[in-house]
Amino acid sequence: MRRGNNNALGFLMLAGCANLLGCAQSATESTALLDDEGTVFEGALASASGERQSPPNIVIFLADDMTWHDVGVYRRLATSLPGAVSTPNIDQLANEGVVFERAFTATAMCSVARHQIYTGLYPVRNGGYGNHSRVYEDTKSIVSYFSEYGYEVALAGKSHVYPRHVFPFKKVGHENKGTAGETTFGIKKTRAFLDDVGERPFVLIVASSNPHIPWNRGKTKSYPLASIAVPPYLRDSPRLRAKLSSYLAEVSELDREVGLIDDELGKRGLTDNTIFVFSSEHGSDLPFGKWTAYDAGVKVALVVRWPNKISPGISSAIVESVDLLPTLMDLSINTVPKGLDGRSFSSLLSGATDTHKQFAVGMQTSKNIHNGVPYPIRWVRTERYKLIENLLPETRFSSFTTVSNWFQQELADEVTAGTDRYLSYLKRPRLEFYDLERDPFELQNLVGQLNASQTIELERMQTHLYQWMREQNDQGVQTEMAVCQRKGFSHRGCP
């Protein structure tokens, strides 16, 4: 982990830093600092004098369909992507905590992403691998794990996880995707919860509905069309810029909500004893994001803050959404449940190590999404390379986005212009292999032009992916076709 004090990281976030290593202390220096302050994680519940302290509270703030690079600090870290995004509250959180550059969800889809966070299990193993699906009846969740240790476990805002008895959150807010109201998660009840919880430790999940469509909140005038930086994986057009303006306005609205929650903790003197996690969940529903295996979909913005316990810094280690539950239990209770797929990355936060996993892995099931067709995808990623396997490449991908008037107009314009960017989104080859060091936005599929070392790397990654599928009892196409057996409720994709 590249660590630094608040001033160094703040400078990075304001001006960018061409050499990130030059902005940080060494891991050895950081570890020594932690030891001097008596904040090593083995003693998370003890002070330097050995006296037992109150277990920390936990706040997990979830965005809804938000691409990782649309957080200000990530936009500045990704030097190949220019343009400003106004997220001062998340940036401040990052200034005070650890920013993860390589965090991933196994699936870029709402309920599936949340099932992973709440259970510590990958999608097929927990059973909830399709959108609007349900986990297995006997699955343990974050509610039961933390309740066993005396925690109050509450949810404000969007749920989207099934069945309810596996996720019996105390409801301290409500989902609100309308234009009215102070927040999209019902902050009035959230404030009441914080007032009433007393001395009992709590886990509070704040699940915003921003920036999920419809993009109807925020100030679009903050993002004039001419000033918007269009990501290189999207086709620049006036229609796209109008959509990005509305979307980014909701990103800033989400940021305002993050600031509100942080303020409420501060007013009650809870900040120092609260682990605050921000996650962007997964990418937006623009092409190459949600419902795909590209980094615009499966890579997430992840920030963890714990004042006086975690030194600010930037981690380039690979971590996954399934790792959050064991990490938070490790930090707060000094125990990790057995049988989880996720692994605690508390040693990254303490500075004891700067590596965690060699691979991130995942899948996409599209048979039951709105306007979807069977389109199973499996993927594996290392620090440098991404391998994607489209198991039914003869099929034309379809989603809520691809059938929209906007996308159809863009596709027609693209054909007229003689380009094929969005056509490649609809029709994909069996294998895709990307060198993310040279091609961070996955624009050039290297299959068919691999050198010897890349061929060896592809085979190594493929071996790991297939082993993971066997361990998860993931049968590929057959698993895709069986997704409606796992539906959480009847809907268009699964009547």
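Not measured: the values here are computed from a predicted model.

Moving on, we get to helix α5 (residues 110-119). Counting buried positions along α5 gives 10 out of 10 residues, so the element sits mostly inside the fold. Of the positions making up α5, those classed as buried are Cys-110, Ser-111, Val-112, Ala-113, Arg-114, His-115, Gln-116, Ile-117, Tyr-118 and Thr-119. As for α5, its buried residues are in contact with β2 (57-62), α6 (123-126), α7 (142-147), β4 (152-157), β6 (202-207) and α11 (324-333). Looking at the residues trailing α5, positive phi occurs at Gly-120, about 75°.

For the rest of this paragraph, the subject is the sheet that holds strand β13 (residues 431-435). Read from one edge of the open sheet, four strands run β10-β11-β12-β13, paired in antiparallel fashion. Of all the strands in the sheet, the pair left with one neighbour each is β10 (360-364) and β13. Taken pair by pair, the neighbouring strands of this sheet meet at an average axis angle of 10°, ignoring direction. Here β10 pairs with strand β11 (residues 377-381) via five bridges, running antiparallel. Within β11, the position partnered with Met-363 by the bridge is Arg-378.

Now for empty space enclosed by the protein. Enumeration according to the criterion identifies four cavities of 30 Å³ or more in this entry. Taken as a whole, the largest cavity holds about 80 Å³ of empty space. Considering the residues around the largest cavity, the lining is formed by Trp-68, His-69, Tyr-233, Phe-288, Tyr-294, Asp-295, Ala-296, Arg-421, Pro-440, Phe-441 and Glu-442.

Taken as a whole and assessed by the stated rule, the structure comprises one disulfide. Residue Cys-484 pairs covalently with Cys-494 via a disulfide, S to S 2.0 Å. A torsion of -80° about the S-S bond marks the disulfide between Cys-484 and Cys-494 as left-handed. One end of the pair, Cys-484, is in the segment after α16 (477-481); the other, Cys-494, is in the segment after α16, and 10 residues separate them in sequence. Take Cys-484: its relative accessible area is 24%, and that puts it in the partly exposed class.

What follows deals with helix α9 (residues 238-267). With 30 residues, α9 extends 44 Å from end C-alpha to end C-alpha; this agrees with the ideal 44 Å at 1.5 Å per step. In terms of burial, α9 is largely enclosed, as 21 of its 30 residues are buried. Two residues or fewer after α9 comes Gly-269, characterised by a positive phi angle close to 70°.

Put simply, helix α4 (residues 88-96) and α9 touch, their axes get as near as 7 Å, and they point 55° apart. The angle between α4 and α9 places the two elements in the oblique class. Across the interface between the two elements, Pro-88, Asn-89 and Ile-90 of α4 pack against Leu-254, Asp-255, Arg-256, Val-258 and Gly-259 of α9. Of the residues contributing to the contact of α4 with α9, the split by class is four nonpolar, two polar and two charged.

Looking now at the layout of surface pockets. By volume, the second largest pocket amounts to about 280 Å³. A breakdown of the residues in the lining of the second largest pocket according to their chemical character gives six nonpolar, six polar and six charged.

With that settled, the discussion passes to the packing of aromatic side chains. The relation between two aromatic rings is expressed through the spacing of the ring centres and the mutual angle of the planes. Within this structure, the stated rule accounts for 24 aromatic pairs. Each ring, one from Trp-68 and one from Tyr-74, has its centre 6.2 Å from the other, and the planes form 80°; the classification is edge-to-face. A residue is classified by how much of its surface remains accessible, and Trp-68, at 9% relative accessible area, is buried. For the pair Tyr-162 and Phe-489, a centre-to-centre distance of 5.4 Å together with 65° between the ring planes defines the contact as edge-to-face. Note that Tyr-162 is positioned in the loop between β4 and β5 (170-171) and Phe-489 in the segment after α16, a separation of 327 residues in sequence.

What follows deals with the pairing of strand β12 (residues 385-390). Most of β12 is tucked away, with six of its six residues classed as buried. Taking every second residue as pointing to the same face, both faces of β12 are buried, with Tyr-385, Leu-387 and Glu-389 on one and Lys-386, Ile-388 and Asn-390 on the other. Pairing between β11 and β12: five bridges, direction antiparallel. Residue pairing across strands places Val-380 opposite Leu-387, the latter belonging to β12. Hairpin connection between β11 and β12: a loop of three residues separates the two successive antiparallel strands. By the bridge criterion, five bridges tie β12 to β13 in an arrangement that is antiparallel. The residue of β13 that forms the bridge with Tyr-385 is Asp-435.

Calculation rules
Residues numbered from 1 in each chain as written. Predicted model: local features only at pLDDT ≥ 70, side-chain atom pairs only at ≥ 80, totals over all residues. Heavy atoms only, no water. Buried < 20%, exposed > 50% of the residue type's maximum accessible area, 1.4 Å probe, protein only. Helix = DSSP H or I, 4+ residues; strand = E, 2+ residues; numbered from the N terminus. Contact = heavy atoms within 4.5 Å. Pairing = 2+ DSSP bridges. Axes fitted to C-alpha atoms, helices over the stretch in contact; angles between N-to-C directions. 1 Å grid on protein atoms, 1.4 Å probe; cavity = no way out; pocket = protein on both sides within 12 Å on 5 of 7 lines; lining within 4 Å. Points joined across faces, edges and corners; volume = space filled by probe spheres on them. Disulfide = S-S within 2.5 Å. Expected span 1.5 Å × (residues − 1). Parallel < 35°, antiparallel > 145°, perpendicular 65-115°, else oblique. Nonpolar A, V, L, I, M, F, W, Y, C, P; charged D, E, K, R; others polar. Phe/Tyr/Trp six-rings, centres within 6.5 Å; stacked < 30°, edge-to-face > 60°.

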